[in-house]
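# Close look at the chain arrangement
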Amino acid sequence: MKHKNFLNKFKENKLIVATHNSGKLSEIKNLLKNVDLDIYSSIEMNLPIPKEIGSSFEENAYIKSSETTLISGFASLSDDSGLIINALDGSPGIYSADWSGKNRNFSDAIKKIEYLMKNKTDYKASMVCVLCLSWNKKDFEVFRGEMPGKIKFPPRGNKGFGYDPIFIPDTQPFINQSLTYGEIDPSFKNNNSHRNIAFKKFLKSIFKNG
Ligand code: ITT
């Protein structure tokens, strides 16, 4: 059964997922599968790519969803996310997409991280996801999720996207496992990830506040 209790935020029952990243989009569509909204994305609506000039995940998420709502006239949900590495003072952080270059080549970004981590001993890292829901052109709410873990080389697994092959989340399918997100079943990742944590807050808010 699909949940329906939030009509005043979602004109014509529509929600635009404000992303041009197909890996994220497939996870987000899955997380929204029990919500009774008609889901569209920036990709299929051919919307321009917003300039992410903010200085935090929250600011960039707000830029993406508010711009999408302004242009489309509909409520939109953005996702600004990335990998935070302790030994690199939090990099790549909000620049996680930029490190993969114009062609979004994540094997280059991963090689760069491997090089920078050569003499480091602290492999602690986390994945962050900040969602921003914009509606009525000026209203918005942000939701943050974080998954602690560590990075590990060489990259392993091709089930995910972006930095998944080098990130080992603390939450594993079974105790004593050390699988990367690239090796973990996508449904397990989606039920336990930084994105899922942010999504739970988002769903709680839309069902509570209507
Ligand atoms: P949009 O802004 O259009 O959503 P983007 O790729 O530019 O797409 P971000 O600015 O949020 O997205 O950049 C975050 C990068 O970090 C992104 O390119 C991903 O590949 C990577 N990333 C985000 N979530 C991830 C996850 O769950 N697993 C692995 N990598 C992830």
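Right above here is the structure, for reference.
Just so it is clear, the structure is predicted and the values come from calculations on it, not from any experiment.

### Examining the overall build of the chain
For the chain, the count of helices and strands is five helices and six strands. Taken over the C-alpha trace, the chain has a radius of gyration of 17 Å; the compact-globule value for 210 residues is 17 Å, and the two agree within 12%. The buried share of the chain, taken over its 210 residues, is 48%. Residue pairs in contact within the chain that sit at least 24 positions apart in sequence constitute 62% of those at least 6 positions apart. For the chain, the exposed area adds up to about 10900 Å²; of that, 51% sits on carbon and sulfur atoms. Averaging the locations of the 30 positively and 23 negatively charged side chains of the chain gives two centres separated by 1 Å.

### As for helix α2 (residues 57–72)
With 16 residues, α2 ought to run about 22 Å at 1.5 Å a step, and its terminal C-alpha atoms sit 22 Å apart, in line with that. For α2, the set of buried residues is F57, N60, A61, I63, K64, S65, S66, T68, T69 and S72. Those residues of α2 that are buried are in contact with β1 (14–18), α1 (22–31), β3 (76–85), β4 (124–135) and β5 (139–151). Positive phi appears at G73, one or two residues downstream of α2, with a value of about 85°.

### What to know about the packing of aromatic side chains
Scanning the entire structure with this criterion turns up five aromatic pairs. Considering the side-chain rings of Y62 and F140, the 4.6 Å spacing of their centres and the 55° angle between planes classify their relative orientation as tilted. Linking Y62 in helix α2 with F140 in strand β5, this pair joins segments that are 78 residues apart in sequence. With relative accessibility at 43%, the residue F140 sits in the partly exposed group. Judged by centre distance (5.6 Å) and plane angle (40°), the rings of F167 and Y181 are tilted. Of this pair, F167 sits in strand β6 (residues 167–169) while Y181 sits in the loop between β6 and α4 (186–192), and the two are 14 residues apart along the sequence.

### Examining the environment of E52
Relative to the assigned elements, E52 resides in the loop between β2 (38–41) and α2. Each C-alpha atom of the pair E52 and K64 lies 7.5 Å from the other, and the pair is twelve residues apart in sequence. Excluding anything up to four places from it in sequence, E52 contacts N60, K64 and D80. There is a polar contact of 3.4 Å between the side chain of E52 and the side chain of K64.

### Thoughts on the sheet that holds β6
One open sheet holds the six strands; their spatial order is β2-β1-β3-β4-β5-β6, and the pairing between them is mixed. Only two strands of the sheet have a single partner each, and these edge strands are β2 and β6. Each neighbouring strand pair of the sheet contributes to a mean axis angle of 35°, computed without reference to strand direction. The pairing of β5 with β6 spans three bridges and is classified as antiparallel. Counterpart to I151 in the pairing with β6 is F167. Of the strands in this sheet, β1, β2 and β3 are in contact with α1, which crosses β3 at around 120°. Against the sheet, α2 engages β1, β3, β4 and β5, with an angle of about 160° to β3.

### Overview of the state of the cysteines
Linking two cysteines covalently through their sulfur atoms gives a disulfide. Per the counting criterion, the structure on display carries zero disulfides. Cysteine C129 remains unbridged, with the sulfur of C132 as its closest cysteine sulfur at 11 Å. Look at C129 and you get buried, because its relative accessible area is 0%.

About the criteria used
- Residues numbered from 1 in each chain as written.
- Predicted model: local features only at pLDDT ≥ 70, side-chain atom pairs only at ≥ 80, totals over all residues.
- Heavy atoms only, no water.
- Helix = DSSP H or I, 4+ residues; strand = E, 2+ residues; numbered from the N terminus.
- Rg over C-alpha atoms; globule rule 2.2 N^0.38 Å.
- Buried < 20%, exposed > 50% of the residue type's maximum accessible area, 1.4 Å probe, protein only.
- Contact = heavy atoms within 4.5 Å.
- Areas by Shrake-Rupley, 256 points an atom, 1.4 Å probe, with all protein chains shown as cover.
- Lys, Arg positive; Asp, Glu negative; His and termini not counted.
- Charge placed at Lys NZ, Arg CZ, Asp CG, Glu CD.
- Expected span 1.5 Å × (residues − 1).
- Phe/Tyr/Trp six-rings, centres within 6.5 Å; stacked < 30°, edge-to-face > 60°.
- Polar contact = N/O pair within 3.5 Å; in protein donor to acceptor, adjacent residues only side chain to side chain.
- Pairing = 2+ DSSP bridges.
- Axes fitted to C-alpha atoms, helices over the stretch in contact; angles between N-to-C directions.
- Disulfide = S-S within 2.5 Å.

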